[in-house]
Amino acid sequence: MSEFKIGMHAKLDMLKFKNLGINRDKKITKTSSKQIHLNYKANELATILHPNGIRVAITQIIKETEDTKSFYLKPQNMSLMPPFMPGQYVTLCVTIDGRTYKRPYSISSSPSALQEYRITIKKEENGIVSNYMFNEAKENDQLNLL
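A quick note: this is a predicted structure, and the numbers were derived from the prediction, not measured. Every residue gets a number counted from 1 within its own chain, in the order that chain's sequence is written. The predicted origin of the model limits local features to residues at a pLDDT of at least 70 and limits the giving and counting of side-chain atom pairs to 80 or more, whereas totals for whole chains, interfaces and linings rest on all residues. Hydrogens and water are ignored here; the side-chain numbers use all heavy atoms of the structure.

**Student:** How should I be thinking about the pattern of salt bridges in this particular structure?
**Tutor:** Any two side chains of opposite charge can pair if their charged atoms end up close together. For this document, the term salt bridge refers to a Lys or Arg side-chain nitrogen within 4 Å of an Asp or Glu carboxyl oxygen. Applying the stated criterion across every chain, the model contains 3 salt bridges. The closest approach of N and O atoms between E66 and K63, which form a salt bridge, is 3.6 Å. For the residue pair E66 and K63, the accessibility class agrees, reading exposed in each case. A salt bridge links K138 to D141; its shortest N-O distance comes to 3.3 Å. Any residue under 20% of the maximum accessible area for its type is buried, any over 50% is exposed, and the rest in between are partly exposed; the area is computed with a 1.4 Å probe on protein chains only. When its relative accessible area of 49% is taken as the criterion, K138 is described as partly exposed.

**Student:** Where do I start with the side chain of S70 in this structure?
**Tutor:** Residue placement: S70 occurs in strand β2 (residues 68-75). Judged by its relative accessible area of 1%, S70 falls in the buried class. Counting of polar contacts relies on pairs of N or O atoms within 3.5 Å, with two restrictions inside protein: one atom must be capable of donating a hydrogen and the other of accepting it, and residues adjacent in sequence are counted only when both atoms are side-chain atoms. Among the polar contacts listed, one links the side chain of S70 to the side chain of T120, at a separation of 2.8 Å. In this analysis, two residues are considered to be in contact whenever any of their non-hydrogen atoms come within 4.5 Å of each other. Once you skip the residues sitting within four places of it in the chain, S70 turns out to touch Q60, I61, I62, E64, R118, I119 and T120. A run of H or I in DSSP becomes a helix once it reaches four residues, and a run of E becomes a strand once it reaches two; helices and strands are each numbered from the N terminus.

**Student:** What should I look at first to understand unusual backbone geometry in this one?
**Tutor:** Of note in this structure, D97 is not a glycine but carries a positive phi near 50°. Inspection of the secondary structure assignment puts D97 in the loop between β3 (89-96) and β4 (99-106). Residue classification places D97 among the exposed residues on the basis of a relative accessible area of 81%. Of note, N140 is a non-glycine position whose phi angle comes to about 80°, a positive value. Along the chain, N140 falls in the loop between α4 (128-135) and β6 (142-145).

Pasting the structure below:
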C-alpha cells in the first residue's frame with residue numbers, strides 16, 4: 001500500500017474518532033424512549049436459561065470417599081434446572097454464622113438430567129464452605145445457587 005493510502009486511512013480513522021461522541025449522541029436522541037416489555041419471549045427464555053438465582057433443596061447426600069460427598073440439589077421455584085454444558089459450574093451461596101459465602105462448584109450430573117443438579121465437594125482442611133457442607137448440611141436444607 002502506498003504512503004498516500006496509509007496516510008489517508010489514518011486521517012479517516014482520526015476523523016471517525018473525533019466524531020464518535022457526536023454520532024453517538026445523534027443515535028441516542030433518535031432512539032425510542034418506550035420502555036422495553038419484560039414479557040417478550042426472548043426475555044422469558046433468557047430468565048429460564050440465566051436466572052438471577054435458584055432456590056434449591058438438598059434431596060440426597062452421598063458419601064463418595066472419606067473426603068468427598070455428592071449433593072443432589074432440586075429446584076424449589078421452577079420445575080427444571082436450567083440447561084448446562086459439561087464442565088459448567090454453579091455458585092453455591094451458604095450462610096454460616098450470619099455471613100454469606102459464595103463458592104463455585106462444577107456440576108457433576110448429566111446435562112440431560114435437569115430435574116436436579118449434583119455437585120461433588122471435596123473436603124478441604126481449612127475450607128469454610130466444604131467443612132460446613134460436610135459437617136452441617138443435611139437433606140431438605142435450602143440453599144441458593146447463582
